[in-house]
Amino acid sequence: MSLTQIFIGSTLYGTATLAAAVDAGSFPAADRRILLTSNHALAAEISPRLADMPGFATLSTRFDEVLDWNAVIEPQHPSSWSPRADDVPLWERYLRTLWGLGDDRVELIVESLQVPPAQSLCQLFPGAAVDVYADGLMSYGPTRVRLDPQIGMRVRRVLHLDLVPGLEPLLLTEFGVPAELVPTDEFLKVLAELAATAPADAVEPATDREEAPALLLGQYLSALDLITPAQEEELHAEMVRGAYALGHRELVFKPHPSAPAVYSRRAEAEAERLGARLTVLDTPVLAEVLYQQVRPALVVGCFSTGLLTAATLFGLPVARAGTKTLLARLTPYQNSNRVPLTVVDALLPDLADTEAVRGWAAPGPEEVRSRLGGLLTAVGFAMQPRILHEHRAAAEDYLTRHLDTRTRRYFNRRRLASQGLPGGVPARLAFLVKNPSVRRAVRQVRRVRRLRGKR
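Just so it is clear, the model here is predicted, and its values are computed rather than measured.

Procedures and definitions
- Residues numbered from 1 in each chain as written.
- Predicted model: local features only at pLDDT ≥ 70, side-chain atom pairs only at ≥ 80, totals over all residues.
- Heavy atoms only, no water.
- Helix = DSSP H or I, 4+ residues; strand = E, 2+ residues; numbered from the N terminus.
- Rg over C-alpha atoms; globule rule 2.2 N^0.38 Å.
- Buried < 20%, exposed > 50% of the residue type's maximum accessible area, 1.4 Å probe, protein only.
- Contact = heavy atoms within 4.5 Å.
- Areas by Shrake-Rupley, 256 points an atom, 1.4 Å probe, with all protein chains shown as cover.
- Axes fitted to C-alpha atoms, helices over the stretch in contact; angles between N-to-C directions.
- Parallel < 35°, antiparallel > 145°, perpendicular 65-115°, else oblique.
- Left-handed = near helix turned anticlockwise from the far one by under 90°.
- Nonpolar A, V, L, I, M, F, W, Y, C, P; charged D, E, K, R; others polar.
- Core = buried A, V, L, I, M, F, W, Y, C linked by side-chain atoms within 4.5 Å.
- Pairing = 2+ DSSP bridges.
- Right-handed = clockwise from strand over helix to strand, strands pointing away.
- Patch = residues over 30% accessible without salt bridge, like charges linked within 9 Å, V, L, I, M, F, W, Y side chains within 5 Å.
- Salt bridge = Lys/Arg side-chain N within 4 Å of Asp/Glu carboxyl O.
- Lys, Arg positive; Asp, Glu negative; His and termini not counted.
- Charge placed at Lys NZ, Arg CZ, Asp CG, Glu CD.

### Quick word on the overall build of the protein chain
Secondary structure assignment for the protein chain yields 19 helices and 12 strands. Against the globule reference of 23 Å for 455 residues, the protein chain gives a C-alpha radius of gyration of 23 Å, in line with a compact fold. In the protein chain, which comprises 455 residues, the share counted as buried stands at 52%. A separation threshold of at least 6 residues defines the contact pool for the protein chain, and within that pool the share at least 24 residues apart is 72%. Summing over all exposed atoms, the protein chain offers an accessible surface of approximately 21300 Å²; the carbon and sulfur share of this is 50%.

### Things to note about the packing of helix H10 (residues 287-294) against helix H11 (residues 305-314)
If you want to describe how two helices pack, look at the angle between their axes and the distance between the axes. The N-to-C vectors of H10 and H11 enclose an angle of 45°; their axes lie 10 Å apart at closest approach. Classified by the angle between their axes, H10 and H11 sit oblique to one another. As for the relative orientation of H10 and H11, their crossing is right-handed in sense. Together, Glu 288, Tyr 291 and Gln 292 of H10 and Gly 306, Leu 307, Thr 309, Ala 310 and Phe 314 of H11 make up the contact between the two elements. Among the residues making up the contact of H10 with H11, the classes are represented as 4 nonpolar, 3 polar and 1 charged.

### So, the nonpolar core
Grouped together as the largest cluster of nonpolar side chains are 107 residues, with contacts concentrated most on Leu 163, Val 164, Tyr 291, Leu 308, Leu 372 and Phe 411. Among the elements that take part in this core, helix H15 (residues 365-383) stands out by supplying 9 residues, more than any other. Beyond its immediate chain neighbours, meaning those up to four positions away, Tyr 291 contacts Leu 215, Leu 217, Pro 296, Val 299, Gly 306, Leu 307, Thr 309, Ala 310, Phe 314 and Leu 316. Core analysis: the second largest hydrophobic core is formed by 32 residues, Ile 34, Leu 36, Trp 81 and Leu 147 among them.

### Structural notes on the pairing of strand E11 (residues 298-301)
Burial along E11 is two-sided: Leu 298 and Val 300 and Val 299 and Gly 301, pointing in opposite directions, are all buried. Across 3 bridges, the pairing between strand E8 (residues 214-217) and E11 is parallel. Bridging across to E11, Leu 216 finds its partner in Val 300. With respect to chirality, the unit in which E11 leads through H11 into the neighbouring parallel strand E12 (residues 318-320) is right-handed.

### Some words on a positive patch on the surface
Together, Arg 146, Arg 386, Arg 440, Arg 443, Arg 447 and Arg 450 make up a region of like positive charge exposed at the surface. Overall, the relative accessible area of 43% leaves Arg 443 in the partly exposed class.

### Quick notes on the sheet that holds strand E6 (residues 155-161)
Reading across from one edge, E3-E2-E1-E4-E5-E6-E7 is the order of the 7 strands in this open sheet, with parallel pairing throughout. The open sheet has two free edges, formed respectively by strand E3 (65-68) and strand E7 (179-182), since each of these has just one partner strand. In this sheet, neighbouring strand axes are inclined to one another by 25° on average, regardless of whether the strands run parallel or antiparallel. Here 4 bridges tie strand E5 (residues 129-133) to E6, and the two strands are oriented parallel to one another. Bridging from a neighbouring strand, Asp 131 pairs with Arg 157 of E6. Packed on one face of the sheet, helix H1 (residues 12-23) meets strand E1 (3-9), strand E2 (32-37), strand E4 (105-110), E5, E6 and E7 and runs near 150° to E1.

### A word on unusual backbone geometry
Cis peptide bonds are those with omega within 30 degrees of zero, and the linkage from Pro 116 to Pro 117 qualifies with 0°. Position of Pro 117 among the secondary structure elements: in the loop between E4 and helix H5 (118-124). For the peptide bond that leads from Thr 331 to Pro 332, omega is -15°, which places it in the cis range. Counting through the fold element by element, Pro 332 comes out in the loop between helix H12 (323-329) and helix H13 (338-347). One non-glycine residue, Leu 172, adopts positive backbone phi at about 65°. Here Leu 172 lies in the loop between E6 and E7.

### Notes on the side chain of Ser 26
Secondary-structure assignment places Ser 26 in the loop between H1 and E2. Contacts of Ser 26, omitting those with residues within four sequence positions, involve Ala 21, Arg 157, Leu 159 and Glu 180.

What follows is the structure in C-alpha cells.
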C-alpha cells in the first residue's frame with residue numbers, strides 16, 4: 001500500500017520548519033508528499049496567500065504537490081469549519097477522489113491540533129497517524145483544550161525547534177507524546193535559502209557593526225483582542241523611545257503582514273520627534289531573513305517568536321517591551337499567549353532597563369531549566385489543571401518556594417485560589433483551601449450560578 005504524507009502549512013515560518021524537518025530525514029520515505037496550504041487571515045479572500053509569499057517556491061521543492069485548503073472548503077473559513085460527524089465518511093471519500101489518494105495510507109503532519117484546520121483534517125482521515133509540529137513558543141505550554149482521545153492517542157510526536165535550549169514542551173504530554181527536535185543546522189540552511197531568494201534588500205546593510213540599525217518587530221496584538229489599536233501603536237512608540245535611549249539612531253520597523261499601514265504612523269512620528277530615522281518595511285519577509293541581510297544591532301519586540309530566533313539561532317542582542325502590562329491584562333488566565341509571554345518576560349531583558357539590555361547574554365540550558373522549568377510547569381498547571389493534573393505537586397512546590405514579588409506577575413491570585421494553589425489566599429486561611437466541606441460548598445455555589453446563567 002502506498003504512503004501519502006499531508007503537511008499543513010499556514011505561515012512561511014512554519015513551512016520553513018517543515019522543510020528543515022524533511023531535509024533532516026525526520027519523516028519516513030513516502031510515495032507522495034502534499035503540502036496543503038491554509039490562509040487563516042480573517043479576510044482570507046483579500047489577504048496574501050502563503051503560496052504567493054517571497055521564498056515559498058524554494059520551500060515547496062520539498063513536496064510533490066501544493067494544494068489549497070481554502071479552495072476546498074470555500075466559502076467556509078479554515079479556522080472555523082469542521083465536519084459534522086455523520087459527514088466524515090463522505091468527506092474522506094471526496095478528498096481521496098479530489099486529491100487522487102485512492103486507498104493510500106495517509107499520515108498527517110499538522111500544527112495547532114486543538115483547532116481547525118488541523119483538527120478538521122484529523123477528523124476527516126480517522127485512520128491516519130498524526131505528527132504535530134510547533135510553529136513558535138506555544139509548544140512550551142499546555143494543550144489549549146481537552147482533546148478527544150481518538151485524536152490525541154494518534155499523535156506520535158511533537159516536532160519543534162530548539163528555540164529555548166534546555167526547555168521541554170508541555171504540549172500533548174497528557175497523552176505521553178514525546179518531543180523531538182528539528183535540527184537547528186537544517187533550519188538555518190533553509191533560512192539561508194530564503195535569504196538568498198528574498199527580494200532586493202529593503203534596508204542597506206551597515207558596513208560598520210556600530211551603525212547597524214535596531215529592528216522593531218510588530219505583532220498585530222489588537223487583532224487578537226489583547227490590547228486596543230491605540231495601545232498597540234503606543235507600544236510601537238515605546239519601542240522607538242527605548243531603542244533611541246540605547247543610542248540607536250537608525251531604526252527599522254517590521255510590521256505584522258496583516259496589520260494595517262496606519263499602525264506604524266505613531267512610531268514614525270515618535271522617531272521624527274526624537275531625530276531618529278525609521279524605515280518601515282512593506283515587503284512580507286521573515287524577520288529571520290532580515291537577521292541575515294541586515295545583522296541588526298538590536299532586535300526589539302513584545303513576545304514575538306522572532307526574539308528567540310534572533311537570540312538563540314543568530315546570537316543577536318534582544319530586548320522585550322510591554323510584556324509586564326500584557327501579563328496583567330491577559331484574559332482569561334488560560335489564554336495560550338500566556339506561555340510565550342512568560343518565556344519572553346522571564347528570559348529576556350526589559351527595553352527600559354538599558355544596563356540589563358547592554359549586559360544581557362543568552363543563558364545556557366542549565367540556567368534555562370533553573371529559571372523556567374518550574375515556572376512554566378506551575379503556569380501551565382494553573383492554566384489547564386485538568387489536562388496537567390499530574391503536575392499538581394510540582395506546581396504546589398514551585399509556588400510554595402518561589403512565589404514572590406518578582407514571580408507574582410505570572411500568576412493571578414483569583415486563579416490560584418480557584419485551583420486551591422499556594423498564593424491564592426492569605427497564609428492564615430490556607431487551611432480552608434483543602435477543607436472538603438468548604439470545597440464542596442464552593443462547587444455547589446458555582447453549580448447554582450451556572451444554572452441561573454442558563455435561564
